[in-house]
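# Overview (structure and organization)
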Amino acid sequence: MQDFIDSIGTGTNTILFILIIIGCALLTQAFLRFVLQRSTAFLTRKELFNNTRERQKRIKTINSIIGAVAGITVWSIAGLMILQKLGVPIAPIIASAGIVGAAIAFGTQSLIKDFVSGLFIIAENQYHIDDYVDIGSISGKVEAVSVRTTAVRGEDGSIYYIPNGSISMTSNKSVGPIKEILKLELAADTNLTTFAKKISEISEKLTTDEATSDLFVEGPSVGSITAVTKKSISLQIEFKVTASKRKRAASAVWRAIAAANKKESVHLA
């Protein structure tokens, strides 16, 4: 009889212990969720985003990913503690998990690096879909951004999938107007004052013409002279555009210069 009573007491203690573990796991998970949400809100500062809706979407994405990882960790520890209380030997489980974990960690180092880098890219709003960027030697429009890769459509039409962990520096050309520079060679006897006036006329026409005015933030002007030889004068034509329109704007400027050259008001080398 005493053995039966003792077994009931032991069973009650075990159930109570399991309930306490579950309660602690729930509290720990809630605490981690709270801390993570605060940390994410701090990383995704308002000034990094164009609007509140976009910021909230980023926060939700990051919280769901990190929250899932934290939940798996908390409940794995809680499960091991419950198994130990039930008399199940957990040493072999921990040893096996350690070996498997080490193998997985060794084999997925680059994956983890991509994942962490992706979280920071998303949190800091470094770029998003439809932005024009330079990532290493690749230039183009961002097609997709995930926690592992960034997909960029290059200027040749190809889509490049870039692991986030390999991105060391990014130039986002869609944050504001960019300065586009065209390199030009003029005949050595060109009167630069007359040439500058012609470029001013071209600029006036391009920025007021209905067909091309929307291409420019600031019309073309003569920039730096980069070289002078007996045969030519090398200089730059500069204008400001948005990244999405820079090719069309450059084409319009080249057409205008070619037309002026044909009329002999501009003398190309």
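Here, every reference points to the structure presented above.
Everything numeric here is computed off the predicted structure, so don't read it as measured data. (Residues numbered from 1 in each chain as written. Predicted model: local features only at pLDDT ≥ 70, side-chain atom pairs only at ≥ 80, totals over all residues. Heavy atoms only, no water.)

### Notes on the overall build of the protein
Within the protein, the secondary structure is distributed over six helices and eight strands. Taken from the N to the C terminus, the helices and strands of the protein come in the order α-α-α-α-β-β-β-β-β-β-α-β-β-α. Taken across its 269 residues, the protein has 31% of its residues classed as buried. Relative to all contacts within the protein whose residues are 6 or more apart in sequence, the contacts with residues 24 or more apart total 58%. When the accessible area of the protein is evaluated, it comes to approximately 16,900 Å², of which 61% is carbon and sulfur surface. (Helix = DSSP H or I, 4+ residues; strand = E, 2+ residues; numbered from the N terminus. Buried < 20%, exposed > 50% of the residue type's maximum accessible area, 1.4 Å probe, protein only. Contact = heavy atoms within 4.5 Å. Areas by Shrake-Rupley, 256 points an atom, 1.4 Å probe, with all protein chains shown as cover.)

### Some remarks on the nonpolar core
Across soluble globular proteins, nonpolar side chains show a tendency to be buried alongside one another. Core analysis: the biggest nonpolar cluster contains 23 residues, and Phe195, Phe216, Ile237, Phe239 and Val253 have the highest contact counts within it. Of all the secondary structure elements, the ones that give two or more residues to this core are strand E6 (178–187), helix H5 (192–208), strand E8 (232–241) and helix H6 (246–262). Sorting elements by how many residues they give to this core places H6 first, with seven residues. Counting residues in each nonpolar core, the second largest holds nine residues, with Val133, Ile138, Val152 and Ile162 among its members. (Core = buried A, V, L, I, M, F, W, Y, C linked by side-chain atoms within 4.5 Å.)

### Overview of the pairing of strand E4 (residues 159–163)
As paired strands, strand E3 (residues 149–154) and E4 are joined by five bridges and run antiparallel to one another. Directly across from Val152, in E4, lies its bridge partner Tyr160. Connecting E3 to the next strand, E4, in antiparallel fashion are four residues, including Gly157 with a positive phi near 95°. (Pairing = 2+ DSSP bridges.)

In short, the description is geometric, and any link to function would need to be established separately.
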